[in-house]
Amino acid sequence: MPAAITPFDDALKSCNLYPLRAEGIATLQVNLGKKCNQACHHCHVEAGPNRTEMMGDAVMERCLSLLKEERIPVLDITGGAPEMHPRYRTFVESARGTGAAAMTRCNLTILREPEMHGLPAFWKTHNVIVVASLPYFRREETDAVRGKGVFEKSIEALKHLNETGYGIEGSGLTLNLVYNPAGAFLPAPQEPMERQFRAELKRNHGVAFNHLFAMSNMPIARFKDYLNRKNAHDSYLLRLAGAFNPAAAENVMCRSMVSVGWDGFLFDCDFNQMLGLRVNHGAPFHINDWNQRALAGRQIVTGAHCYGCTAGQGSSCGGEIS
Ligand code: SF4
Ligand code: SF4
C-alpha cells in the first residue's frame, strides 16, 4: 500500500466505525464456482472457461439447511457464471422452497448459450431477482472490458428478459443492472447514471430495467494487474481513499451478509473471498462450523481494498431487493 494512504481502519476510526462489525445476516451469498463463459479483463474472481472449481453437494446442502434453519431472508447466487453449475436449477428451486428470496448474478451473455435459453422462464416461475452486469450502455466501452461482441449478446439477452416480463413495470419481476467504469476512475453518481442508462437503452434498443447499481472496480485480481500494467495502482488507491465516505462505510454489504466460497469457506464478502481473507476475529471460517450468533456480530476483516466500497456514494452492491 502506498505510504501516503491512510490505513482503512484509521479511516473507520475517524468516523467511529472501528471495529467494523456485522449487524446480523440478511443475505447468504453463495459462490457456486469460478467457471465462466467469459474471461473479462477486470474480473475480480479471475473466472473463465477453463476454471474447474465448483461447489460440491455437501456444501450446497449445508447452504440450503442454513437458509431454512436460520431463516436467512435472501440467497445471493454468484460465480463465475453460476448458471454453469450442473445443479444450479435444483439449488434455486430448493432455496426458494425454504422461503428465502433468491437473487442471481448474471453476465447476460450466458443466456445466449443454447442450453440456457429457458433460464428467464425458469427464473420467472420461481420469482428470482436478476442482477445483470452491463459495463456500459455503449458497445465500445462494454466490448473493451468484456470482449468483442459482448455488448450485442448482452442486449439480446436483455430483450429476452424483457419479453419474459423482467424489468417491465407491473410484472413483479425484477431486473437490476450493475455498471462499473471501464478504467481507473470512479463511477459517476448512481442516480444520474441510472437515468442515462434508462434513456439510452430504451431509445437505442427498446430495453427496460428496474434499477442500476454503480460499482467501483476493486483494486484486486485482474483489475489490480491492469492497474499495475498502467502504473496506476497507487494513484487509483489514493483516489478511492480520497473519496472515503463515512455514510457509505456505514452501509457496506459485509455488515449484513456472509459469503460462502465454492469449497465452504466463509468470507465477509466476495472481494475478501477472492483475496483469500477468511472470516476471522474469533468467528468460524468454514460452513461446517457455522455459529449464527458469532457470525452475526463478527468483526469484519478489512484492508485497503475496502476503500473500493466506501468511495463516493459507495459500491456495495448487495443487489438490494426493492
Ligand atoms: S467479470 Fe463476471 S462475466 Fe466476466 S469473467 Fe468474471 S465472472 Fe465472468
Ligand atoms: S471489500 Fe468487503 S469487507 Fe471490505 S468494505 Fe467492502 S464488503 Fe466490506
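Before reading on, note that the structure itself is shown above.
Residues numbered from 1 in each chain as written. Chains lettered and ligands numbered in written order. Predicted model: local features only at pLDDT ≥ 70, side-chain atom pairs only at ≥ 80, totals over all residues. Heavy atoms only, no water.

Applying the stated rule across the entire model yields 11 aromatic pairs. Summarising the aromatic geometry, the rings of Phe-8 and Tyr-307 are spaced 5.1 Å apart at their centres and angled 90 degrees between planes, so their arrangement reads as edge-to-face. Within this pair, whereas Phe-8 is found in helix H1 (residues 8-14), its partner Tyr-307 is found in helix H13 (residues 307-310), the two being separated by 299 residues in sequence. On the basis of an interplanar angle of 45 degrees and a centroid distance of 6.1 Å, the ring pair of Tyr-136 and Tyr-179 is categorised as tilted. A residue pair is termed long-range when its members are at least 10 positions apart, and Tyr-136 in the loop between strand E4 (129-133) and helix H5 (139-146) and Tyr-179 in strand E5 (residues 175-179) qualify at 43 residues. For the pair Tyr-136 and Tyr-179, one class covers both residues: buried. By the ring-pair criterion, three or more aromatic residues cluster together here, those being Tyr-136, Phe-137, Tyr-179 and Phe-197. The residue whose ring lies beneath Lys-13 is Tyr-18, and the NZ or CZ to ring-centre distance is 4.8 Å. (Phe/Tyr/Trp six-rings, centres within 6.5 Å; stacked < 30°, edge-to-face > 60°. Helix = DSSP H or I, 4+ residues; strand = E, 2+ residues; numbered from the N terminus. Buried < 20%, exposed > 50% of the residue type's maximum accessible area, 1.4 Å probe, protein only. Lys NZ or Arg CZ within 6 Å of the ring centre and 35° of its normal.)

Here the focus is the environment of Ile-77. Mapped onto the elements of the fold, Ile-77 is located in strand E2 (residues 74-78). Accessibility expressed as a relative area gives 0% for Ile-77, which makes it buried. Expressed as a C-alpha distance, the spacing of Ile-77 and Val-30, which sit 47 residues apart in the sequence, is 5.1 Å. Excluding its chain neighbours within four sequence positions, the residues that come into contact with Ile-77 are Val-30, Leu-32, Pro-82, Tyr-88, Phe-91, Val-92, Met-103, Thr-104 and Arg-105. (Contact = heavy atoms within 4.5 Å.)

Two elements in contact, H5 and helix H6 (residues 150-164), have axes whose closest approach is 8 Å; the angle formed by their N-to-C orientations is 110 degrees. Put simply, H5 runs roughly perpendicular to H6. Residue-level contacts link Arg-139, Thr-142, Asp-143 and Arg-146 of H5 to Val-150, Phe-151 and Glu-152 of H6. (Axes fitted to C-alpha atoms, helices over the stretch in contact; angles between N-to-C directions. Parallel < 35°, antiparallel > 145°, perpendicular 65-115°, else oblique.)

For ligand 1, the full set of nearby residues is Cys-36, Gln-38, Ala-39, Cys-40, Cys-43, Ala-47, Gly-80, Asn-107 and Arg-146. Per-class residue counts for the shell around ligand 1 are five nonpolar, three polar and one charged. (Near = heavy atom within 4 Å. Nonpolar A, V, L, I, M, F, W, Y, C, P; charged D, E, K, R; others polar.)

Scanning all chains against the criterion turns up 12 salt bridges. The salt bridge partner of Arg-138 is Glu-141, with a shortest N-O separation of 2.7 Å. The partner of Arg-198 in a salt bridge is Glu-194, and the shortest N-O contact between them spans 3.0 Å. Placement of both Arg-198 and Glu-194 in helix H7 (residues 190-205) is noted, with a separation of four residues, approximately one turn of the helix. (Salt bridge = Lys/Arg side-chain N within 4 Å of Asp/Glu carboxyl O.)

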